[in-house]
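Architecture at a glance
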Amino acid sequence: MNEQLNLVTLGVEDLEVSRRFYSLGLGWTPLLDLDEVVFYQVGKGLALGLFPLSELGVDIGHPATAGTPFTLAQNLGSPAEVDEAMRRARVAGAAVLKDPRRAAFGGYHGYFADPDGHRWEVCHNPGWSVADDGTVTLAAVEGLNAEG
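None of the values given here were measured: they were computed from a predicted structure.

What counts and how
Residues numbered from 1 in each chain as written. Predicted model: local features only at pLDDT ≥ 70, side-chain atom pairs only at ≥ 80, totals over all residues. Heavy atoms only, no water. Helix = DSSP H or I, 4+ residues; strand = E, 2+ residues; numbered from the N terminus. Rg over C-alpha atoms; globule rule 2.2 N^0.38 Å. Contact = heavy atoms within 4.5 Å. Areas by Shrake-Rupley, 256 points an atom, 1.4 Å probe, with all protein chains shown as cover. Lys, Arg positive; Asp, Glu negative; His and termini not counted. Charge placed at Lys NZ, Arg CZ, Asp CG, Glu CD. Pairing = 2+ DSSP bridges. Axes fitted to C-alpha atoms, helices over the stretch in contact; angles between N-to-C directions.

**Things to note about the overall build of the chain**
Each helix and strand counted, the chain has three helices and 10 strands in total. Put simply, the chain runs from its N terminus to its C terminus through helices and strands in the order β-α-β-β-β-α-β-α-β-β-β-β-β. What you see for the chain is a C-alpha radius of gyration of 16 Å, in line with the 15 Å of a compact globule of 148 residues. Principal-axis analysis of the C-alpha atoms gives the chain an extent of 50 × 40 × 25 Å. Considering only intrachain contacts with a sequence separation of at least 6, the fraction spanning at least 24 residues in the chain is 50%. When the accessible surface of the chain is totalled, it reaches about 8800 Å², and 55% of it is carbon and sulfur. Positive and negative side-chain charges in the chain, numbering 10 and 20 respectively, have mean positions lying 8 Å apart.

**Remarks on the sheet that holds strand β3 (residues 38–43)**
Here four strands make up an open sheet; going across it, the order is β1-β4-β3-β2 and the pairing mixed. Looking at the sheet topology across the chains shown, the edges are occupied by β1 (7–12) and β2 (30–33). When the angles between neighbouring strand axes are averaged without regard to direction, this sheet yields 20°. In the sheet, β2 pairs with β3 via three bridges, with the strands oriented antiparallel. Its bridge partner being in β3, P30 is matched across the sheet by Y40. Sheet contacts for helix α2 (residues 53–60): β1 and β4 (46–52); angle to β4, the most-contacted strand, approximately 105°.

Structure, rendered in structure tokens:
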């Protein structure tokens, strides 16, 4: 099996609420927007899908439950971009779980939850870079500061 991830699908309680949150609130542009599902391009060869939780369970053939025991993250170009993304998420109705601050890894980050409780980290990690071919490089950041 190849090491790749092409689609992350989040089961949502109310597709219309989630569609408004991501499209209008966060300003994301749908890749495909249908009555029963919406997809967003979130990286090279990577899409995020929003699908009704009840229908996701039917599609899988096993019950799907709400909640996320993981986080999704996006790395931005500066602490100011992190602050703006968190501001926009808050205005869109996100629950801010951690206001932006310096992070133990040497960057800057904060966390919010979308209307279904899916947790997002918004960060600036100066040790993270992506080459033109999509290869990720992750390096330790000198002079780490503890979170404050």
